[in-house]
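# Analysis of the macromolecular model
Read off the chains here:
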Amino acid sequence: MQLIEQFTEAAIRSGRFQPLDKIYVANRVRALVGDEDVAVKPGQSIVQQLVDLAVARGKIADGPTAREILNDQLYDLLTPLPSAVNHLFWEKYEQSPQTATDWFYQLCTNNDYVKVAAIKKNVVFKHVVKGGNELEITINLSKPEKDPKAIAKAAHDKDKQYSQCVLCMENEGYLGRLGHAARSNHRIIRLSIGGQQWGLQYSPYAYFDEHCIFLDAKHEPMQINQQTLVNLVEIEKLFPQYFVGSNADLPIVGGSLLAHEHYQGGRHVFPMMRAKIKKKLAFEDFPQVEAGIVDWPMSDIRLTSSDATALVNLGTHIINSWAQYSDPQRYLLAMVNGVRHHTVTPIMHHDHEKFVLDLVLRDNNTDKDYPLGIFHPHQEYWHIKKENIGLIEVMGRAILPARLKTELAEVKKFWLGQSNRINDAHLPWAKAIADKYTITPANVDEIMKAELAQVFANVLANAGVFKDDAAGQQGWQRFIQQL
């Protein structure tokens, strides 16, 4: 069986087409890659071979954007239409929520929307740091480098383009262009959350198992309030096998995309979820809710209850109180010149029959010593981590930049006395570590893991508004008294 013929058979087996559609499908493929069929090369993806064929025949340019667009156009032919996907999802949901998400996730990996091969390139490990918390460290190698042509185009492009952002529902089935990802094979499950239409999709370059995104059908800015907690409860009721949480809704402490209301979720137990309560709290008006301060580098209040209404009401009280709370001694200023600086990162999961809500207190003030944020990675750690501490990292999973793979290899050579090209930014850190250990080829990798994890723990502590010291304990006590 030749290449186009084999792909056509696969498209029919996928359920998108019927056997009678065979000639039609084959001609759709020929329109994309050229008319003549060729032999299949063993050991290579059929879609990749078709993309290479299109390049060789001059049907598309040999560049990352053109290749991505054609790749997703071809996989679209292997994917049911959105209406069929939604019908099948909710049909399977009647068996169980997990049956439905298992099926949808498998569909999104089979059709290359979730880039499984790219995700496998990521560096991932765990390490226990001082204090006993086990943190997760990842070096993100999955996302492709940006197309230089797209970067150049963006520098001169001032027109408002379709769609408004990468999370809009209008991306479903979108061809793609320079600077805007191809989405021909993209599918979104429609949901009703808080009386509004929302969508469920998976993240193409997942940071953890079944990394999914819940997105508002409307392109509206993120906000954290009572409705946020109501929405998280509704999502947990729909998909109890997943956690769900929101990035904070302010710059510096928020995620990379604040313009579109969305949450993230998935099937992963993060280190913060396993952290214990270090101080129990009692709220007389909410006897149904267990509460406490979590033993975690960031400042986290955990609420646990089977009574979702009481949980939401107490959570809302904490959010509103923190939004107005100032403690100048600890550089905590709720408002500066009419600008809000306090918010929370809320995260929810199920523990048997109970809802567990973590509310991590965030502050995005800056000053002359900390121009990127007082409660942000401090400059001594920028050589490892300079980016915002978002939802995933709040929970104890570091997302470190791809540059570190090669840079840290040079650090290890430096430690071992080998010829190296260590980046000057790493030198103070590398020298301090070299003074602590006798480093050998046998232990160099473990030392690197331990020290990277410790940097991440320190970064999380930087982002904590109440530090793990006497002043921090006094700060907690003062805030709790206000609550």
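What you are looking at is a predicted structure, and each value in this text was computed from that prediction instead of being measured. (Residues numbered from 1 in each chain as written. Predicted model: local features only at pLDDT ≥ 70, side-chain atom pairs only at ≥ 80, totals over all residues. Heavy atoms only, no water.)

With that settled, the discussion passes to helix H14 (residues 427-436). Of all the positions in H14, only Trp 429, Ala 430 and Ile 433 are classed as buried. An end-on view of H14 places all buried positions within 95° of arc, on one side of the element. Structural note: H14 exposes Pro 428 and Asp 435 on the side pointing more than 90 degrees away from its buried face. The elements touched by buried residues of H14 are helix H13 (404-415) and helix H15 (444-463). (Buried < 20%, exposed > 50% of the residue type's maximum accessible area, 1.4 Å probe, protein only. Helix = DSSP H or I, 4+ residues; strand = E, 2+ residues; numbered from the N terminus. Arc of directions from axis to C-beta. Contact = heavy atoms within 4.5 Å.)

On to the UniProt feature "domain: Galactose-1-phosphate uridyl transferase C-terminal" (unreviewed entry) in the protein, then. Under the local residue numbering, the UniProt record ascribes the feature "domain: Galactose-1-phosphate uridyl transferase C-terminal" (unreviewed entry) to residues 237-429. Between the C-alpha atoms that bound residues 237-429 there is a distance of 46 Å. The span itself is 21% helix and 27% strand. (UniProt positions renumbered as here; feature names shortened; annotations may be inferred.)

Attention shifts here to the pairing of strand S13 (residues 342-351). For a regular strand, the rule is simple: side chains alternate between the two faces of the sheet. Where burial is concerned, most of S13 is hidden: eight out of the ten residues are buried. With antiparallel pairing between neighbouring strands as the criterion, S13 and strand S14 (residues 354-363) make up a hairpin whose turn holds two residues, including His 352 at a positive phi of roughly 60°. (Pairing = 2+ DSSP bridges.)

This part is about the environment of Lys 405. Relative to the helices and strands, Lys 405 is located in helix H13. Classification of Lys 405 as partly exposed rests on a relative accessible area of 48%. Residues contacting Lys 405, with those up to four places away along its chain left out, are Ile 139 and Leu 141.

With that settled, consider the state of the cysteines. Here the structure, examined in full by the defined rule, presents zero disulfides. Cys 165 takes part in no disulfide bond, and the closest cysteine sulfur to it belongs to Cys 168, at a distance of 3.7 Å. (Disulfide = S-S within 2.5 Å.)

Here the focus is the sheet that holds strand S2 (residues 134-139). Strand order in the open sheet formed by three strands is S1-S2-S15, and the pairing between neighbours is mixed. On the outer flanks of this sheet lie strand S1 (123-128) and strand S15 (397-400), each paired with one strand and no other. When the angles between neighbouring strand axes are averaged without regard to direction, this sheet yields 20°. By the bridge criterion, four bridges tie S2 to S15 in an arrangement that is parallel. Opposite Ile 137, over in S15, you have Ala 398 as the bridge partner. On top of the sheet, H15 reaches S1, S2 and S15; it is set at about 105° to S2, its chief contact. (Axes fitted to C-alpha atoms, helices over the stretch in contact; angles between N-to-C directions.)

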